[in-house]
Each structure stands twice: as structure tokens, then as C-alpha cells.
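Descriptive structure summary
Spelled out from the first residue to the last, the chains are:
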Amino acid sequence: MIAARLRSASARRPRGAAGAPAAGVVVGAAARGSLTPSGYAWTGKCGAAAPVVLRSRGALAPLSLLRDGAPTDQTESSMTTLGIIGSGSIGTAIARLAIAAGLDVVLSNSRNPDTLTETVAALGAASRAATPEEAARAGDQVVVAVPLTAYRSLPVAALQGKVVLDTINYYATRDGHIEDLDSGRITTSELVQAHLDGARTVKAFNNIAAFHIPALARPAGAADRSALPIAGDDAAARTEAADLIGRLGFDTVDAGPLSQSWRFEPETAAYAPAYAADPAAVLRGWQQMVDDLRAGRAPRLPAPDAGSALSAARLGKLLAGAERKLTADRIVA
């Protein structure tokens, strides 16, 4: 049962909330695929024999009702720097919101800092490129926005004691089948936390499409402010994560420990379509893509959705009534 705790939102306005595409979804079945909201592209061959990777910029998306409300001005927090491991659409979207909120950003990827020259130049003077370990050490909090296949490469020692915002989703067609996840014995974030010994992992930003991150971010107190779910085993870490997410433009709904983060894993009621202007159209689009891939046709990709505000109260209800979606139950696996 979900307890309801309401935290009053600060009335202060953030310096801004901008962003870029984010989150990923993998399209499975006979083919391999992955979605990332805000514009779509696919690579590979269609048909059951050859894996196909689909990309569309965006994400999917949902326990005591913790309404953090407002992005907090940097003068109200000791946090000054956000480290980000992963420079894809989700990581970049969060980076833009962080800079707009007055934070410095240290951005990294799996290659080397030189490959981020253009991205950092576009983000501006408050950002710099680094290695994952450097980003982990520099950040007061650290966002991990990488595929699950890369979780073992995360810098364990550098992340010890840090609040780590885990945006990772599991797609067996991309990540390979993991029995503990397929069976629901553990959640994706519990798997990540087991690797990040000493870190304080908080599940966040995994249930919203990349393009909806900038589109739906709002100042504290805005009538159409949306909420994001969080989960973590460390209550203090959840509070710190909620404060950061508030600065970035979203209220938060606290789902409790990582064992409950399944409530907003892919294709649950609180997943990505919950933030869409037309959720049914999004689901139809996913099904059409999977049908196309199974039939060996080039997938017809849905147009990016404009987005619609999801309040903390509504999100709390979706989480409370969630039904678990295991790999075998999903449209996009």
C-alpha cells in the first residue's frame, strides 16, 4: 500500500528548464530494437533472421506521495555540480535542465572526452567533458544514463557514497536475457545497486521519453507541473534526489525501496505513454513497429508526441494500482 506524504513546494522559480531528447525503449520480438523518444531512426535489416535496432528519442514511463514541487534555486542547496555518465538523449536532456537550473555539468561517455566536444560546446560554459570516473568524482550527485549492458563498467569506487540516479531500463532483445529480471526476482535497479557497492542508488528518469523531459519541465508551483517517480533503499538519498529533480522542473512521487521500482518499469501504467497527449496512439505505434519488424517490413515510426502534464496525485494512483510487466508480457521487450 502506498502511503501519502506531501512535501510543500518551494515558491522560487528556477532559472529555466530546457532540455533535449531522452530515454530509450527496446523493440523486441523476433527482432532486436530500441526506442528513444523525439524523432525516430532505425538501423539494421528487417526480418526475424537479422536483429534490427530502432531508435526514437524518448522514453516510457510512474509511492508514498512525495510532492517535492519546485525546482530549488541553487542558493537553497549545497549541490553545485551534476555528473552524468552517458551522453545520449536522456543524459543530454538532463544536462540541459541542470545547466538551466544553475548547476555545473560534467558529462562523459563510453568513448573519450574528445568525442563530446560539439555536445559540450552546445551546452555552454557550465559544462565540460570528462571520463566516467572523472564525472563520478566531480558530481555531488551522478546520473547514470547508459544501456544495461554497460552497467558493469560503471566506476564503483568513484561512486561510493554518492547519490546515483539510475535511468536504466532492461530490454532483453538489446541486453540479452537475464533470468533474475525476466522472472521478476529483482528489479533492474537492484541489479545495478548490487554492482555499485557503497553507492546510494535512486531510480529516476527511466519512465519518461527523452523529448518529454524538456517539454514538460516547469517552474515550482506551476499548475501544469508534472511528476516523476523515484525509488531507492536509502531514504535520505531519495530526499536528495527529489530536491535535485525539483530543481530540474518536476515534482516527485516516492515509490519506496528499489524492490518497488518495478511499478514504473517499461509498459506499466506509469511508463512513458502516461506523459503523452495521446497514450493510446503511442501504444498503437509500438505495436505497429513490432508487427512491421516481425513481418520483415521497414518499421513505420510514430511521430513524437507533444506531451501532457502528469500530476503527482495522478502518478501516485497509477503507481498504487500498477501491475508488474515482465519481459514476456511486454509489447516491446
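Quick caveat: nothing in here was measured; it's all calculated off a predicted structure.

So, on to the overall build of the protein chain. Assigned secondary structure in the protein chain consists of 11 helices and 10 strands. A burial count over the protein chain gives 56% of its 333 residues as buried. Of the accessible surface of the protein chain, which amounts to about 12700 Å², a share of 50% is contributed by carbon and sulfur atoms.

All right, on to the confidence of the model for the protein chain then. Summing up the model confidence of the protein chain, the mean pLDDT is 82 and the portion of residues at 70 or higher is 77%. Across residues 1-75 the pLDDT falls below 50, and counting only partners more than four positions away or on other chains, this stretch makes 318 contacts in the model.

Summed over the entire model, instances satisfying the criterion amount to two aromatic pairs. Between Phe205 and Phe250, the ring centres sit 6.3 Å apart and the planes meet at 90°, which makes this aromatic pair edge-to-face. Here Phe205, found in the loop between β8 (200-203) and α8 (212-216), pairs with Phe250, found in the loop between α9 (235-248) and β10 (251-254); they are 45 residues apart in sequence, far enough to count as distant. Of the two residues, Phe205 and Phe250, neither departs from the other in class, the shared state being buried. A cation over a ring is seen here: Arg330 above Tyr171, with NZ or CZ 5.9 Å from the ring centre.

A few words now on the sheet that holds strand β3 (residues 81-85). If you walk across this open sheet you meet the eight strands as β5-β4-β3-β6-β7-β8-β9-β10, and the pairing is mixed. The two strands at the open ends of the sheet, each matched to only one other strand, are β5 (127-130) and β10. Adjacent strand axes in the sheet meet at a mean angle of 30° when their direction is disregarded. In this structure, strand β4 (residues 104-108) lies alongside β5, joined through four bridges in parallel fashion. Across the sheet, the residue bridging to Leu107 is Ala129, located in β5.

On to the nonpolar core, then. With 51 residues, the main nonpolar core has Ile94, Leu165, Phe205, Ile213 and Phe250 as its most contacted residues. If you tally residues by element for this core, the top one is helix α1 (residues 89-100), at seven residues. One finds Ala130, Ala136, Leu159 and Ile168 within the second-largest nonpolar core, a separate group that totals 23 residues.

Regarding helix α11 (residues 312-320), the residues found buried are Ala312, Leu315, Gly316, Leu318 and Leu319. For α11, the angular spread of the buried residues around the axis is 160°, confining them to a single face. On the buried face of α11, the contacting elements are β9 (227-232) and β10.

Enumeration according to the criterion identifies 11 salt bridges in this entry. The residue Arg185 makes a salt bridge to Asp180 at a minimum N-O spacing of 3.0 Å. The class of Asp180 is partly exposed, set by a relative accessible area of 29%. The salt bridge partner of Asp292 is Arg297, with a shortest N-O separation of 2.8 Å. Given a relative accessible area of 0%, Asp292 falls into the buried group. In this structure, a network of salt bridges that share partners links the residues Arg200, Asp234 and Glu240.

Attention shifts here to the pairing of strand β7 (residues 163-166). In β7, alternate side chains face the same way, and those of Val163 and Leu165 on one face and Val164 and Asp166 on the other are all buried. Two elements, strand β6 (residues 141-144) and β7, share four bridges in a ladder whose sense is parallel. Its bridge partner lying in β7, Gln141 is registered against Val163. Here β7 runs beside β8; their pairing, made up of four bridges, is parallel. Bridge pairing links Asp166 to Lys203 in β8.

All right, on to the environment of Ala220 then. Inspection of the secondary structure assignment puts Ala220 in the loop between α8 and β9. The spatial distance from the C-alpha of Ala220 to the C-alpha of Leu248 is 9.5 Å, given a sequence separation of 28 residues.

Conventions we followed
Residues numbered from 1 in each chain as written. Predicted model: local features only at pLDDT ≥ 70, side-chain atom pairs only at ≥ 80, totals over all residues. Heavy atoms only, no water. Helix = DSSP H or I, 4+ residues; strand = E, 2+ residues; numbered from the N terminus. Buried < 20%, exposed > 50% of the residue type's maximum accessible area, 1.4 Å probe, protein only. Areas by Shrake-Rupley, 256 points an atom, 1.4 Å probe, with all protein chains shown as cover. pLDDT = per-residue confidence, 0-100. Contact = heavy atoms within 4.5 Å. Phe/Tyr/Trp six-rings, centres within 6.5 Å; stacked < 30°, edge-to-face > 60°. Lys NZ or Arg CZ within 6 Å of the ring centre and 35° of its normal. Pairing = 2+ DSSP bridges. Axes fitted to C-alpha atoms, helices over the stretch in contact; angles between N-to-C directions. Core = buried A, V, L, I, M, F, W, Y, C linked by side-chain atoms within 4.5 Å. Arc of directions from axis to C-beta. Salt bridge = Lys/Arg side-chain N within 4 Å of Asp/Glu carboxyl O.

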